[in-house]
Amino acid sequence: MIHLSFLILLLISEKPAIRYDQTKGPLDRASNVHKEGRLWMYFNNYGKLYPPNFNMHSGEWPAGSNHEYIYRMAPVIGVPYNVVHSLTRTSEEFEAVGGLNSGQGLIAMSNDTTTWPAYGWPRRDENGNPVIKTPEDSYCAFSDSANLISPLGLLIYQTGHAMGYSFAQDIIFFEWEIVNTGNDILRDVYFTLYCDIDVGNKPGGAPEYGDDKIVFNLEGQYMYFYDANGFSQDWNSPTGYFGVKFLKTPVVNGDEIGISGFHYFLYDDDPFQQGGKDTIQYRIMSSDSTLKNDPFWGRRLFHGPNINYDDHTLIRPQGDDLVAILSTGPFTLAPSERQTIAIAIAAGDNETAIINNFKMAERIWKNDFLTAVPPPRPILKAIAANRRVFLCWEDNAERFVDPTSGKLDFEGYRVWKSKDKGLTWNLLAEYDVLSSFESQLAVLTRHVTPELAGTIIEYVGLLPGFKDYVKSTNYSIIFLDNRNFRVIDQSTGEPLPYNSQLGHGYSIVDPQGNVIDSLYRVDGLIYISGLLIKITPVSSGPVGGDIYEVRSFILPTGENKGLRRYFIDTLVTNGFEYWYAVTAYDRGDPEIPIDPLESPKTGGTASPNVVSVTPGQFPLGFKSATAKVTHLSGTSQVLAEVTTLNPYFSDADTFVLSFEPMIYSEMGIDSGMVMLHIENPDSVKSYIYRVVVDGLGYADVYVGMGDSLIVRRQNLVTNRVINFGGYALEVLNVNALKGKFLRIMFAAKVYGKDTTIIYPFFMDEWGPVVKMFTIRFTGQTKEEPYLSISDTFMVFVEPYTVTVDSKMLENIRVVPNPFIVKADWDVATPQGLVKHKVQFVNLPPECEIRIFTIDGDLVRTIKHSSGAGYADWDLTNEYGAFVAPGIYIYYVKSPWGEKTGRLGVIR
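Residues numbered from 1 in each chain as written. Predicted model: local features only at pLDDT ≥ 70, side-chain atom pairs only at ≥ 80, totals over all residues. Heavy atoms only, no water.

J.: Describe the packing of aromatic side chains, naming the residues involved and giving the relevant values.
T.: Evaluation of the coordinates by the stated rule reveals 53 aromatic pairs. Plain terms: the ring middles of Tyr-165 and Phe-167 are 5.6 Å apart, the flat faces sit at 45 degrees to each other, and that makes the pair tilted. For the pair Tyr-165 and Phe-167, one class covers both residues: buried. Residues Phe-655 and Phe-773 carry aromatic rings whose centres are separated by 5.1 Å and whose planes lie at 55 degrees to one another, so their mutual orientation is tilted. Remark: Phe-773 occurs in strand 50 (residues 773-779) and Phe-655 occurs in strand 41 (residues 653-664); sequence separation between them is 118 residues. As far as burial versus exposure is concerned, Phe-655 and Phe-773 are alike and both buried. The structure contains a cluster of three or more aromatic residues connected by ring pairs, namely Phe-479, Phe-485, Tyr-498, Tyr-506, Tyr-520 and Tyr-548. A cation over a ring is seen here: Lys-685 above Tyr-786, with NZ or CZ 5.0 Å from the ring centre. The cationic tip of Arg-690 hangs over the ring face of Tyr-702; the distance from NZ or CZ to the ring centre is 4.6 Å. (Phe/Tyr/Trp six-rings, centres within 6.5 Å; stacked < 30°, edge-to-face > 60°. Buried < 20%, exposed > 50% of the residue type's maximum accessible area, 1.4 Å probe, protein only. Helix = DSSP H or I, 4+ residues; strand = E, 2+ residues; numbered from the N terminus. Lys NZ or Arg CZ within 6 Å of the ring centre and 35° of its normal.)

This is the structure in structure tokens:
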């Protein structure tokens, strides 16, 4: 043990920040659950991927359904006569390695720093930097120190990955790095993944495990289980598909081994559940042909003519209670040598879905988990009120830069509601940015025949005034000789006409956009239905037979509702629990290509964008907090609206809003590239000006939501100051601006006694939530509304008040009364138990409720001090036992008086 401890730091390539603890064993055992996606999965640090009790997220899919697919799943490592695993309580031969978590019995998870050891995240690269690859990584290690025959000196590092993104929400990854810490060469090593998947089963229910079937695919390196009739009596619902794909196997002589063995057998014939059967276990792992001839084991463990791969089509049509193993080997482990095995565990509604998830897992693995990602989960807050729920969220997702594309591609929010604790969701609302045309257009160019000519083709930009002619399509530019060419629209197969008036068609134009003719020239641009394309010679110009491709994409712009960062749900019933989620989504990216992505709403209420709320009555005498806005200065004719999102706001406050010009960009433009000057303050208004710079350094300026063109193709190389709307925009670095766009707009500044917030201002769009209020400005006339620099507004926030008198206490009552068997809001737990409750309503902010039998015996005391107007009683006594049916007396005592009443319980 001590020998192993001292070697650990020296052997690993990804080193922890400090040495592991030398103490190893049961005291270091830990577990956790991957819950980032829709597949929730328990695992531990002593060789098990399943929990001690079935109802503990044992491959639960979909999340929150209590549909558990895994009965047993675990890694097995064997050499001749010595097979190591922890499949049963009596054969736990893998043991935990300590020092890799906080010591609270939880494996270290990247998204929960309370599970980390004191020195930080334990997985480190060669330079000591933390290695975290997905939103939810796990990391632990175990050894074979509890080997029942003789320890082999194996040290296994286990890493888990869960992403939760829509394209990977049904996948969990595990990888094991196996290191030989001993002095002996380990030969003929096999790694096996043991899988006992029970589709549709529930402990204590019908034997749904008895009708399972398996499919194995050697080419795809995967295996999956499914139910023979596709329906579970235990779940009273259709069943899914659940399986495993190998992503990486040991390397021998420069090549991966792949899956070397697939075998299935009946649960009752399982040699891995029997002690002292190491030799039999190794021989089935290694597909030993002599075992196939064994009169007892051969017919039980091998199926079909292929010694390595069983024929899954021989499984009975009605299915069976099956166990399967996937093995890879043999390989050798010299002292200090290591090998890595990686798998993806996936689920799906049907065969197509799970196979697609296996393919996605392979793409993610090969790209080392570097994928386009959605914006982060918005940080959500909720306030329960009387017959309504107030939601508000932070704008952290709006500033997110996609690490793959390098773009700030946030598009909008979606608000979701669940009545079954996240099992199903309903869309309540969607809000998106007021998009501009440029930000939603992507153009890709390619030289199809580079062997014919040394040229560069590039998209320069749009020709101002002709954006309506742009569409999503592919164009081919085909040269007939060095000057004549044709343009073919591949979506129709038709050639574009030459058009000297521009519009629909093609022509050659000069950099200012004036038509020259139809013949290619070095100093000209090719105009194609609104697009400007430049082909520049490098070693030679275009020649006959040259082909170029231009692909244009107009991405969906959404409904352009404008952003909102709050929602008020009035379709709720007091006393019922609701879950809410707010997700952020992006625009997608055709250059990758990838569809729009949305942040997850999985993970339950532990996730920052998911909340649980139970609305209820306000306390007696309650008056909600209010806010009002007044126009302090300025002459603009706009309507200012303010909404209060916290009826319980407790501090009076005053906020002032003022406005100042700003440069707003999604493309990394900073003060070293441009500088904004105010030439005429009286002309500066809150209009949004869009400045677009093409690849040649020509600028166009548009204004307003109508995108009216006011400056056309100004050459920034010769004239670096653009004047418009009272501004002078000075360009300091033309090259850095080429191919980019920016907005000149107002910033709203909100400041109070302890709060200052500055944010980009959009007319008709609700601003951020400040001290639980939000404000927007809309027009009062048919003319386009605007604000000026001189405009200021003041918001007054009045706190809530509570005024109670003794007469109000007569309104206190209990619902439902009488309680008969159950109430509508009663819900079943995952274990099948039902939680009952009645609710005392119309309570003052604080009071004490005592409940007595009709004979005067005290049953329960409830101290109410939450500030709400209700309190729950779960129909249990002081000892947690359910009360008997009968009539009960309740007595409410408060600073404002007393109230007595009766409650009936009927079962």
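Next, the rest of the story.
J.: If you had to explain the sheet that holds strand 57 (residues 838-841) to someone new, which residues and values would you point to?
T.: Taken in spatial order, the 3 strands line up as 53-57-60 in an open sheet, and their pairing is antiparallel. Each of the sheet's edge strands pairs with one partner strand only, and the pair in question is strand 53 (813-815) and strand 60 (870-873). For this sheet, the mean angle separating the axes of adjacent strands, direction not counted, is 25 degrees. (Pairing = 2+ DSSP bridges. Axes fitted to C-alpha atoms, helices over the stretch in contact; angles between N-to-C directions.)

J.: Would you mind going over helix 5 (residues 351-366) in detail, with residue names and values included?
T.: Relative to the 22 Å expected for 16 residues at 1.5 Å per residue, helix 5 spans 23 Å between its end C-alpha atoms, a close match to the ideal helical length. All of the buried residues along helix 5 are Ile-354, Ile-355, Asn-357, Phe-358, Met-360, Ala-361, Ile-364 and Trp-365. The N-cap of helix 5, judged by a side-chain oxygen 3.2 Å from the amide nitrogen of Thr-352 a few residues on, is Asn-350. At the C-terminal side of helix 5, Asp-368 shows a positive phi close to 55 degrees. (Expected span 1.5 Å × (residues − 1). Polar contact = N/O pair within 3.5 Å; in protein donor to acceptor, adjacent residues only side chain to side chain.)

J.: So, the nonpolar core: which residues are in play, and what are the values?
T.: With 72 residues, the main nonpolar core has Met-73 and Trp-176 as its most contacted residues. Counting residues per element, this core draws most heavily on strand 10 (residues 186-197), which supplies 8 residues. Look past the residues within four positions of Trp-176 in its chain and what remains in contact with it is Leu-49, Pro-75, Phe-142, Ile-156, Tyr-157, Gln-158, Phe-191, Leu-193, Gln-339, Thr-340, Ile-341 and Ile-343. Membership of the second largest hydrophobic core comes to 42 residues, among which are Met-673, Phe-724, Leu-737 and Phe-761. (Core = buried A, V, L, I, M, F, W, Y, C linked by side-chain atoms within 4.5 Å. Contact = heavy atoms within 4.5 Å.)

J.: Explain the environment of Tyr-309 to me, and be specific about the residues and the numbers.
T.: Structurally, Tyr-309 can be placed in the loop between helix 4 (298-301) and strand 19 (322-333). Taking the C-alpha atoms as reference, Tyr-309 lies 9.4 Å from Leu-326; in sequence the two are 17 residues apart. Among all residues touching Tyr-309, those that are not within four sequence positions of it are Phe-216, Leu-218, Ile-259, Ser-260, Gly-261, Phe-262, His-263 and His-303. One polar contact links the side chain of Tyr-309 to the main-chain carbonyl oxygen of Ile-259, over a distance of 2.7 Å.

J.: Lay out unusual backbone geometry in plain terms, naming residues and giving numbers.
T.: With omega at 0 degrees, the peptide bond leading from Gly-329 into Pro-330 counts as cis. Take Pro-330: it is sitting in strand 19. Each neighbour pair has its own omega, and for Val-815 with Pro-816 the value is -15 degrees, a cis peptide bond. Mapped onto the secondary structure, Pro-816 falls in the loop between strand 53 and strand 54 (819-820). Despite not being glycine, Gln-221 has its phi angle at roughly 60 degrees, a positive value. By secondary structure assignment, the location of Gln-221 is in the loop between strand 11 (212-217) and strand 12 (222-227). A positive phi angle is found at Arg-387, which is not glycine, with a value near 60 degrees. One can find Arg-387 in the loop between strand 21 (380-385) and strand 22 (388-393).

Everything listed is a geometric property; what it means functionally is a separate question.
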